[in-house]
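Given next are the chains, with one letter for each unit.
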Amino acid sequence: MAKIILAVDDSISMRQMVSFTLKSAGYEVVEAVDGEDAAEKAKMETVDLILTDQNMPKMDGITLIQRLRSLPQYVNKPILMLTTESGEAIKAKGRAAGATGWMVKPFDPDKLLAVVKRLIG
Amino acid sequence: MAGLLGLFFFNDGVWQLVSFGGAGAGLASLFRKAVDAAPSDSVSAESLSALLNTLLQRLSGQFHSLLKEIRSDLLQMQSLLQDTSEKLARCFSMLDQQDRVHRPLVAGLKGMEMKPNVSEIMTRVMKEGAQINQITHDDAEMQSSVNRAVLLLQFEDLAAQLMARMIDRVQGAETTLQTLHRAALEWNALFQGNGAMLPDERRCRIMAAIKQIESVVDALEKRPEVKSVLQQDMNPGSVELF
(Lines give C-alpha, C1' and ligand atoms only; values in the text may rest on other atoms or scores of the structure.)
Protein backbone atom coordinates (compact mmCIF):
# COMPACT_ATOMS: atom_id res chain seq x y z
CA MET A 1 0.00 0.00 0.00
CA ALA A 2 1.32 3.44 -0.95
CA LYS A 3 2.58 5.64 1.86
CA ILE A 4 0.55 8.81 2.38
CA ILE A 5 2.25 12.22 2.52
CA LEU A 6 0.52 15.42 3.59
CA ALA A 7 1.90 18.37 1.57
CA VAL A 8 1.13 21.74 3.16
CA ASP A 9 1.75 24.99 1.29
CA ASP A 10 -0.31 28.08 0.50
CA SER A 11 1.29 28.32 -2.94
CA ILE A 12 -0.54 26.27 -5.53
CA SER A 13 2.57 25.96 -7.70
CA MET A 14 4.55 24.54 -4.77
CA ARG A 15 1.82 22.02 -3.98
CA GLN A 16 1.80 21.00 -7.64
CA MET A 17 5.58 20.55 -7.77
CA VAL A 18 5.69 18.59 -4.50
CA SER A 19 2.74 16.37 -5.53
CA PHE A 20 4.18 15.76 -8.99
CA THR A 21 7.53 14.72 -7.53
CA LEU A 22 6.12 12.47 -4.81
CA LYS A 23 3.39 10.87 -6.93
CA SER A 24 5.90 10.05 -9.67
CA ALA A 25 7.79 8.02 -7.05
CA GLY A 26 4.65 6.11 -6.04
CA TYR A 27 3.57 8.02 -2.93
CA GLU A 28 0.00 9.09 -2.30
CA VAL A 29 -0.28 12.83 -1.64
CA VAL A 30 -2.90 14.76 0.32
CA GLU A 31 -2.68 18.53 -0.13
CA ALA A 32 -3.49 21.26 2.41
CA VAL A 33 -3.54 25.02 1.78
CA ASP A 34 -2.40 26.15 5.24
CA GLY A 35 -1.68 24.92 8.76
CA GLU A 36 -5.31 24.94 9.82
CA ASP A 37 -6.40 22.92 6.79
CA ALA A 38 -3.51 20.51 7.40
CA ALA A 39 -4.41 20.01 11.07
CA GLU A 40 -7.97 19.12 10.04
CA LYS A 41 -6.85 16.71 7.31
CA ALA A 42 -4.26 15.09 9.57
CA LYS A 43 -6.95 14.35 12.14
CA MET A 44 -9.27 12.82 9.53
CA GLU A 45 -6.62 10.57 8.03
CA THR A 46 -3.37 9.45 9.65
CA VAL A 47 -0.57 10.18 7.22
CA ASP A 48 2.95 8.73 7.12
CA LEU A 49 4.87 11.98 6.66
CA ILE A 50 4.10 15.70 6.69
CA LEU A 51 5.92 18.19 4.50
CA THR A 52 5.07 21.74 5.48
CA ASP A 53 5.85 25.32 4.54
CA GLN A 54 6.48 27.85 7.32
CA ASN A 55 4.86 31.13 6.26
CA MET A 56 1.18 30.53 5.59
CA PRO A 57 -2.06 32.31 6.41
CA LYS A 58 -4.20 31.16 9.36
CA MET A 59 -1.55 28.85 10.86
CA ASP A 60 2.20 28.68 10.17
CA GLY A 61 4.30 25.54 9.87
CA ILE A 62 5.86 25.63 13.34
CA THR A 63 2.46 26.04 15.01
CA LEU A 64 1.19 23.13 12.91
CA ILE A 65 4.07 20.95 14.13
CA GLN A 66 3.32 21.87 17.76
CA ARG A 67 -0.36 21.05 17.18
CA LEU A 68 0.38 17.70 15.56
CA ARG A 69 2.99 16.67 18.12
CA SER A 70 0.31 16.98 20.79
CA LEU A 71 -1.72 14.26 19.05
CA PRO A 72 -0.78 10.67 19.99
CA GLN A 73 -0.78 9.47 16.35
CA TYR A 74 1.78 12.14 15.33
CA VAL A 75 4.22 11.97 18.22
CA ASN A 76 6.73 9.99 16.17
CA LYS A 77 5.72 10.75 12.58
CA PRO A 78 8.34 12.52 10.48
CA ILE A 79 7.54 16.18 9.82
CA LEU A 80 9.73 18.05 7.36
CA MET A 81 9.79 21.79 6.91
CA LEU A 82 10.05 23.02 3.30
CA THR A 83 10.42 26.76 3.37
CA THR A 84 12.27 29.78 1.97
CA GLU A 85 13.46 30.52 5.52
CA SER A 86 17.04 29.49 6.23
CA GLY A 87 17.96 31.44 9.37
CA GLU A 88 19.47 29.52 12.26
CA ALA A 89 17.07 31.06 14.78
CA ILE A 90 13.94 29.87 12.99
CA LYS A 91 15.49 26.45 12.33
CA ALA A 92 16.14 26.11 16.06
CA LYS A 93 12.51 27.07 16.71
CA GLY A 94 11.35 24.41 14.26
CA ARG A 95 13.58 21.81 15.82
CA ALA A 96 12.31 22.69 19.30
CA ALA A 97 8.73 22.36 18.03
CA GLY A 98 9.50 18.83 16.84
CA ALA A 99 10.48 19.14 13.17
CA THR A 100 12.36 16.13 11.83
CA GLY A 101 14.26 18.08 9.23
CA TRP A 102 14.57 21.37 7.37
CA MET A 103 14.62 21.83 3.59
CA VAL A 104 15.18 25.21 2.01
CA LYS A 105 13.28 26.14 -1.16
CA PRO A 106 13.65 25.66 -4.04
CA PHE A 107 13.83 21.91 -3.52
CA ASP A 108 15.67 19.50 -5.77
CA PRO A 109 13.25 16.63 -6.61
CA ASP A 110 15.95 13.94 -6.26
CA LYS A 111 17.01 15.25 -2.85
CA LEU A 112 13.40 15.45 -1.65
CA LEU A 113 12.78 11.86 -2.70
CA ALA A 114 16.00 10.69 -1.07
CA VAL A 115 15.00 12.29 2.25
CA VAL A 116 11.43 10.97 2.10
CA LYS A 117 12.66 7.48 1.22
CA ARG A 118 15.10 7.56 4.11
CA LEU A 119 12.34 8.55 6.53
CA ILE A 120 9.42 6.36 5.42
CA GLY A 121 10.81 4.04 2.83
CA MET B 1 -5.32 73.29 0.23
CA ALA B 2 -2.14 72.34 -1.53
CA GLY B 3 -1.13 68.83 -0.50
CA LEU B 4 1.91 68.11 1.63
CA LEU B 5 2.60 64.94 -0.34
CA GLY B 6 6.19 65.23 -1.40
CA LEU B 7 9.82 64.72 -0.63
CA PHE B 8 11.72 66.55 2.06
CA PHE B 9 15.27 67.72 1.47
CA PHE B 10 17.75 69.68 3.47
CA ASN B 11 18.82 72.87 1.76
CA ASP B 12 20.79 75.78 3.13
CA GLY B 13 20.26 74.62 6.68
CA VAL B 14 16.47 74.24 6.45
CA TRP B 15 14.19 71.37 5.57
CA GLN B 16 12.18 71.99 2.43
CA LEU B 17 9.36 70.06 0.86
CA VAL B 18 9.05 69.30 -2.83
CA SER B 19 5.55 68.25 -3.73
CA PHE B 20 5.04 65.32 -6.08
CA GLY B 21 2.38 67.36 -7.82
CA GLY B 22 4.37 70.57 -7.75
CA ALA B 23 1.67 72.36 -5.74
CA GLY B 24 2.85 71.51 -2.24
CA ALA B 25 3.01 74.15 0.42
CA GLY B 26 6.63 74.94 1.29
CA LEU B 27 7.42 73.40 4.65
CA ALA B 28 9.78 76.23 5.41
CA SER B 29 6.97 78.78 5.15
CA LEU B 30 4.63 76.57 7.20
CA PHE B 31 7.36 76.22 9.74
CA ARG B 32 7.86 80.01 9.88
CA LYS B 33 4.11 80.38 10.47
CA ALA B 34 4.32 77.80 13.26
CA VAL B 35 7.23 79.61 14.85
CA ASP B 36 5.31 82.90 14.65
CA ALA B 37 2.25 81.26 16.11
CA ALA B 38 4.00 79.47 18.94
CA PRO B 39 3.81 81.48 22.15
CA SER B 40 7.24 82.17 23.49
CA ASP B 41 6.32 81.38 27.08
CA SER B 42 5.75 77.65 26.48
CA VAL B 43 7.12 76.37 23.16
CA SER B 44 10.10 78.40 22.03
CA ALA B 45 10.87 78.89 18.37
CA GLU B 46 14.22 77.15 18.89
CA SER B 47 12.73 74.06 20.52
CA LEU B 48 10.01 73.84 17.87
CA SER B 49 12.65 74.20 15.19
CA ALA B 50 14.82 71.49 16.77
CA LEU B 51 11.80 69.20 17.15
CA LEU B 52 10.73 69.59 13.55
CA ASN B 53 14.26 69.25 12.25
CA THR B 54 14.81 65.99 14.13
CA LEU B 55 11.43 64.69 13.07
CA LEU B 56 11.98 65.43 9.42
CA GLN B 57 15.47 63.93 9.46
CA ARG B 58 14.05 60.73 10.96
CA LEU B 59 11.21 60.75 8.45
CA SER B 60 13.42 61.23 5.42
CA GLY B 61 15.81 58.59 6.79
CA GLN B 62 13.00 56.08 7.11
CA PHE B 63 11.62 56.83 3.66
CA HIS B 64 15.11 56.43 2.26
CA SER B 65 15.41 53.00 3.94
CA LEU B 66 11.96 51.99 2.75
CA LEU B 67 12.76 52.86 -0.85
CA LYS B 68 16.12 51.08 -0.57
CA GLU B 69 14.35 47.94 0.66
CA ILE B 70 11.85 48.08 -2.21
CA ARG B 71 14.69 48.61 -4.69
CA SER B 72 16.58 45.68 -3.19
CA ASP B 73 13.49 43.45 -3.45
CA LEU B 74 13.03 44.46 -7.08
CA LEU B 75 16.67 43.70 -7.89
CA GLN B 76 16.38 40.32 -6.13
CA MET B 77 13.26 39.54 -8.12
CA GLN B 78 14.95 40.62 -11.35
CA SER B 79 17.88 38.33 -10.59
CA LEU B 80 15.59 35.38 -9.77
CA LEU B 81 13.52 35.99 -12.89
CA GLN B 82 16.58 36.16 -15.12
CA ASP B 83 18.12 33.02 -13.63
CA THR B 84 14.83 31.13 -13.95
CA SER B 85 14.07 32.16 -17.50
CA GLU B 86 17.59 31.30 -18.72
CA LYS B 87 17.58 27.88 -17.05
CA LEU B 88 14.01 27.09 -18.06
CA ALA B 89 14.80 28.01 -21.66
CA ARG B 90 17.74 25.55 -21.58
CA CYS B 91 15.46 22.89 -20.04
CA PHE B 92 12.83 23.24 -22.74
CA SER B 93 15.42 23.37 -25.49
CA MET B 94 16.87 20.09 -24.16
CA LEU B 95 13.42 18.50 -23.99
CA ASP B 96 12.68 19.71 -27.51
CA GLN B 97 15.92 18.22 -28.89
CA GLN B 98 15.17 14.88 -27.23
CA ASP B 99 11.64 14.95 -28.58
CA ARG B 100 12.95 15.54 -32.15
CA VAL B 101 15.24 12.51 -31.84
CA HIS B 102 12.50 10.30 -30.45
CA ARG B 103 9.67 11.27 -32.76
CA PRO B 104 10.76 9.34 -35.92
CA LEU B 105 11.55 6.26 -33.87
CA VAL B 106 8.23 6.36 -32.04
CA ALA B 107 6.49 6.82 -35.40
CA GLY B 108 8.35 3.75 -36.72
CA LEU B 109 7.38 1.68 -33.69
CA LYS B 110 3.76 2.73 -34.13
CA GLY B 111 3.95 1.56 -37.74
CA MET B 112 5.19 -1.83 -36.54
CA GLU B 113 2.28 -2.15 -34.18
CA MET B 114 -0.08 -1.80 -37.10
CA LYS B 115 1.66 -4.72 -38.84
CA PRO B 116 2.48 -7.13 -36.03
CA ASN B 117 4.92 -9.25 -37.99
CA VAL B 118 7.53 -10.69 -35.61
CA SER B 119 10.37 -10.97 -38.14
CA GLU B 120 9.77 -7.43 -39.35
CA ILE B 121 9.79 -6.17 -35.76
CA MET B 122 13.03 -7.99 -35.05
CA THR B 123 14.69 -6.63 -38.18
CA ARG B 124 13.70 -3.11 -37.37
CA VAL B 125 14.64 -3.39 -33.73
CA MET B 126 18.10 -4.60 -34.76
CA LYS B 127 18.37 -1.86 -37.33
CA GLU B 128 17.31 0.79 -34.86
CA GLY B 129 19.23 -0.64 -31.94
CA ALA B 130 21.47 2.37 -31.83
CA GLN B 131 18.49 4.63 -31.58
CA ILE B 132 17.04 2.53 -28.76
CA ASN B 133 20.29 2.91 -26.88
CA GLN B 134 20.03 6.60 -27.56
CA ILE B 135 16.49 6.64 -26.14
CA THR B 136 17.64 4.90 -22.96
CA HIS B 137 20.36 7.49 -22.56
CA ASP B 138 17.98 10.31 -23.39
CA ASP B 139 15.42 9.05 -20.87
CA ALA B 140 17.84 9.81 -18.06
CA GLU B 141 18.56 13.21 -19.58
CA MET B 142 14.86 13.87 -19.97
CA GLN B 143 14.22 12.98 -16.32
CA SER B 144 16.99 15.33 -15.34
CA SER B 145 15.43 18.11 -17.46
CA VAL B 146 12.02 17.48 -15.89
CA ASN B 147 13.60 17.63 -12.42
CA ARG B 148 15.26 20.92 -13.29
CA ALA B 149 11.95 22.28 -14.58
CA VAL B 150 10.30 21.25 -11.27
CA LEU B 151 13.03 23.10 -9.40
CA LEU B 152 12.76 26.21 -11.56
CA LEU B 153 8.98 26.41 -11.54
CA GLN B 154 9.21 27.00 -7.79
CA PHE B 155 10.25 30.48 -8.84
CA GLU B 156 6.58 31.44 -8.66
CA ASP B 157 6.50 30.85 -4.90
CA LEU B 158 9.64 32.91 -4.22
CA ALA B 159 8.47 35.70 -6.51
CA ALA B 160 4.99 35.74 -4.92
CA GLN B 161 6.54 36.16 -1.47
CA LEU B 162 8.78 38.98 -2.69
CA MET B 163 5.82 40.67 -4.36
CA ALA B 164 3.77 40.42 -1.16
CA ARG B 165 6.67 42.00 0.74
CA MET B 166 6.94 44.84 -1.76
CA ILE B 167 3.18 45.42 -1.71
CA ASP B 168 3.31 45.67 2.11
CA ARG B 169 6.12 48.21 1.89
CA VAL B 170 4.41 50.30 -0.75
CA GLN B 171 1.16 50.18 1.27
CA GLY B 172 3.12 51.28 4.35
CA ALA B 173 4.55 54.22 2.42
CA GLU B 174 1.09 55.07 1.10
CA THR B 175 -0.43 55.04 4.60
CA THR B 176 2.43 57.16 5.90
CA LEU B 177 1.96 59.74 3.18
CA GLN B 178 -1.79 59.81 3.81
CA THR B 179 -1.20 60.45 7.51
CA LEU B 180 1.28 63.19 6.67
CA HIS B 181 -1.25 64.69 4.29
CA ARG B 182 -3.88 64.76 7.04
CA ALA B 183 -1.36 66.32 9.41
CA ALA B 184 -0.58 68.96 6.78
CA LEU B 185 -4.28 69.77 6.35
CA GLU B 186 -4.60 70.18 10.09
CA TRP B 187 -1.47 72.28 10.13
CA ASN B 188 -2.70 74.52 7.35
CA ALA B 189 -6.08 74.97 9.03
CA LEU B 190 -4.26 76.54 11.92
CA PHE B 191 -3.29 79.46 9.73
CA GLN B 192 -6.41 79.91 7.63
CA GLY B 193 -9.46 81.68 9.02
CA ASN B 194 -8.54 80.96 12.59
CA GLY B 195 -7.89 84.49 13.72
CA ALA B 196 -10.18 83.97 16.65
CA MET B 197 -8.19 80.98 17.92
CA LEU B 198 -6.70 81.50 21.35
CA PRO B 199 -2.89 81.11 21.63
CA ASP B 200 -3.25 78.12 23.97
CA GLU B 201 -5.57 76.31 21.59
CA ARG B 202 -3.28 77.04 18.64
CA ARG B 203 -0.28 75.79 20.60
CA CYS B 204 -2.11 72.58 21.48
CA ARG B 205 -3.05 71.99 17.88
CA ILE B 206 0.50 72.63 16.66
CA MET B 207 1.80 70.11 19.16
CA ALA B 208 -0.94 67.64 18.17
CA ALA B 209 0.06 67.94 14.50
CA ILE B 210 3.72 67.36 15.41
CA LYS B 211 2.73 64.34 17.52
CA GLN B 212 0.79 62.93 14.57
CA ILE B 213 3.88 63.13 12.36
CA GLU B 214 6.00 61.74 15.16
CA SER B 215 3.75 58.71 15.52
CA VAL B 216 4.17 58.01 11.80
CA VAL B 217 7.96 58.20 12.10
CA ASP B 218 7.87 55.97 15.19
CA ALA B 219 5.81 53.37 13.34
CA LEU B 220 8.24 53.45 10.40
CA GLU B 221 11.24 53.02 12.68
CA LYS B 222 9.65 50.12 14.53
CA ARG B 223 8.59 48.16 11.45
CA PRO B 224 9.82 44.58 11.67
CA GLU B 225 12.70 43.42 9.55
CA VAL B 226 11.43 40.88 7.02
CA LYS B 227 13.96 38.43 5.61
CA SER B 228 11.89 35.40 4.69
CA VAL B 229 13.27 35.19 1.14
CA LEU B 230 17.03 35.56 0.79
CA GLN B 231 17.45 33.46 -2.36
CA GLN B 232 19.25 35.31 -5.16
CA ASP B 233 19.18 32.48 -7.70
CA MET B 234 17.35 29.21 -8.36
CA ASN B 235 19.99 26.83 -7.07
CA PRO B 236 18.53 24.10 -4.83
CA GLY B 237 18.27 24.88 -1.14
CA SER B 238 19.97 23.02 1.67
CA VAL B 239 18.63 19.86 3.34
CA GLU B 240 19.18 19.15 7.02
CA LEU B 241 17.88 16.28 9.11
CA PHE B 242 17.79 16.97 12.86
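To be clear, the structure that these remarks concern was listed above.
Residues numbered from 1 in each chain as written. Chains lettered and ligands numbered in written order. Predicted model: local features only at pLDDT ≥ 70, side-chain atom pairs only at ≥ 80, totals over all residues.

> When you look at the packing of helix H3 (residues 61–69) of chain A against helix H4 (residues 88–97) of chain A in this model, what are you seeing that I'm missing?
Helix-helix packing is characterised by the crossing angle of the two axes and by the distance between the axes. Residues and elements named next belong to chain A. Where H3 meets H4, the axes come as close as 9 Å, and the angle between the chain directions of the two elements is 15°. Relative to H4, the element H3 is oriented roughly parallel. You can see that H3 and H4 cross each other, and the crossing is left-handed. For the pair formed by H3 and H4, the contact residues are Ile62, Ile65 and Gln66 on the first element and Lys93, Gly94 and Ala97 on the second. In terms of residue class, the contact of H3 with H4 is built from three nonpolar, two polar and one charged. (Axes fitted to C-alpha atoms, helices over the stretch in contact; angles between N-to-C directions. Helix = DSSP H or I, 4+ residues; strand = E, 2+ residues; numbered from the N terminus. Parallel < 35°, antiparallel > 145°, perpendicular 65-115°, else oblique. Left-handed = near helix turned anticlockwise from the far one by under 90°. Contact = placed C-beta atoms within 7 Å. Nonpolar A, V, L, I, M, F, W, Y, C, P; charged D, E, K, R; others polar.)

> Looking at this model, I keep getting lost on the pairing of strand E1 (residues 4–8) of chain A. Mind explaining?
As a general feature of sheets, a regular strand has side chains that alternate between the two faces. Residue and element names in this part refer to chain A. Among the five residues that make up E1, four are buried, leaving the element largely enclosed by the rest of the structure. Here E1 runs beside strand E2 (residues 28–32); their pairing, made up of five bridges, is parallel. Bridge pairing in E2 links Ala7 to Glu31. In this fold, E1 hands off to helix H1 (residues 12–24), which returns the chain to E2; that crossover is right-handed. Pairing geometry for E1 and strand E3 (residues 49–52), over four bridges, is parallel. Paired with Ile5 across the two strands is Leu49, which belongs to E3. (Buried ≥ 20, exposed ≤ 12 C-beta atoms within 10 Å, placed from the backbone. Pairing = 2+ DSSP bridges. Right-handed = clockwise from strand over helix to strand, strands pointing away.)

> Would you mind going over the packing of helix H2 (residues 35–44) of chain A against H3(A) with me for this structure?
Residues and elements named next belong to chain A. Running from N to C, H2 and H3 cross one another at 25°; their axes reach a closest spacing of 9 Å. Taken as axis vectors, H2 and H3 run roughly parallel relative to one another. Considering the relative orientation of H2 and H3, their crossing is right-handed. Between H2 and H3, the residues in contact are Gly35, Ala38, Ala39 and Ala42 and Gly61, Thr63, Leu64, Arg67 and Leu68, respectively. Here the contact of H2 with H3 is built from residues that sort into five nonpolar, three polar and one charged.

> I'm lost on the sheet that holds E2(A) in this one. Help?
The strands that make up a sheet are held in pairs by hydrogen bonds between backbone atoms, and each pair lies either parallel or antiparallel. Spatially, the six strands line up as an open sheet ordered E2(A)-E1(A)-E3(A)-E4(A)-E5(A)-E3(B), and their pairing is mixed. Strand pairing shows two members of the sheet lacking a second neighbour, E2 of chain A together with strand E3 (239–241) of chain B, which therefore form its edges. Each strand axis lies, on average, 15° off the axis of its neighbour in the sheet, ignoring direction.

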